[in-house]
Amino acid sequence: MTKQKDMAAGQDRAARSGRDAYRISRHLTTRWSDNDVYGHMNNVVHYSLFDTAVNGWLIENGVLDPLAGEQVGLVVETGCRYFAELAFPDTVTAGIRVTRIGTTSVRYEVGLFRGEADEAAAEGHFIHVYVDRETRRPAPLGDDLRALLETAFMEKD
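Undergrad: Sorry, what's going on with the confidence of the model for the protein chain here?
TA: In low-pLDDT regions, the fine details of the predicted coordinates are not to be read closely. Summary statistics for the protein chain give a mean pLDDT of 91 and a share of 90% for residues scoring 70 or more. Note on residues 1-12: pLDDT under 50 across the span, and three contacts to partners over four residues away in sequence or across chains.

Undergrad: I tried to follow the pattern of salt bridges on my own but got confused; where do I start?
TA: Evaluation of the coordinates by the stated rule reveals eight salt bridges. Between glutamate 123 and arginine 81 there is a salt bridge, with the nearest N and O atoms lying 3.5 Å from each other. With glutamate 123 in strand β5 (residues 122-132) and arginine 81 in strand β2 (residues 71-82), this residue pair connects regions lying 42 residues apart in the sequence. Of the residues examined, glutamate 123 reaches a relative accessible area of 8% and is grouped as buried. Judged by its relative accessible area of 32%, arginine 81 is partly exposed. One salt bridge in this structure joins glutamate 109 and arginine 107, with 2.9 Å as the shortest N-O distance. We classify glutamate 109 as buried; its relative accessible area is 4%.

Undergrad: How should the nonpolar core be read in this particular structure?
TA: If you look at soluble globular proteins, the nonpolar side chains tend to sit buried side by side. Judged by nonpolar contacts, the single largest core of 30 residues is most densely connected at Trp57, Leu58, Tyr108, Leu112 and Leu149. Of all the secondary structure elements, the ones that give two or more residues to this core are β1 (24-29), α2 (43-60), β3 (91-101), β4 (105-114), β5 and α3 (143-151). It is α2 that provides the largest number of residues to this core, a total of seven residues. When residues no more than four places from it in sequence are discounted, the contact partners of leucine 58 are Val63, Leu64, Tyr108, Tyr130, Leu145, Leu148 and Leu149.

Each value, and the rule that gives it
- Residues numbered from 1 in each chain as written.
- Predicted model: local features only at pLDDT ≥ 70, side-chain atom pairs only at ≥ 80, totals over all residues.
- Heavy atoms only, no water.
- pLDDT = per-residue confidence, 0-100.
- Contact = heavy atoms within 4.5 Å.
- Salt bridge = Lys/Arg side-chain N within 4 Å of Asp/Glu carboxyl O.
- Helix = DSSP H or I, 4+ residues; strand = E, 2+ residues; numbered from the N terminus.
- Buried < 20%, exposed > 50% of the residue type's maximum accessible area, 1.4 Å probe, protein only.
- Core = buried A, V, L, I, M, F, W, Y, C linked by side-chain atoms within 4.5 Å.

Right under this line is the structure:
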């Protein structure tokens, strides 16, 4: 790796967020099956935790009914940066923030914090486009959903 690329990678690593960078916190548990042959949580599990945190928050607040609601959110983009290992039997706090609310779409950002750690072990994002359940065509966010999203909204630096 060139020195310039190495420095850029180091800057990205130093940029991980603390707990105070997120508006919403949800506690999650890891499972035995989350560990891979290397003894840590497999990278695909991070994405599952992102989904679990955000969709659980939406369901608990009555703005998402995944089985019978008129609208569903479809993931159209996702990404993750990994800073430290997570593994079973860690307890994880997922910090959630919303950084963009559009007419039919939302950008969620999630930080995963191991135990009582102040810095994220991983940070990811995904964009939901909300669509009509039957037609799968984009549909404007409902008023209740928009109001909830605004409670988690944070301007990006």
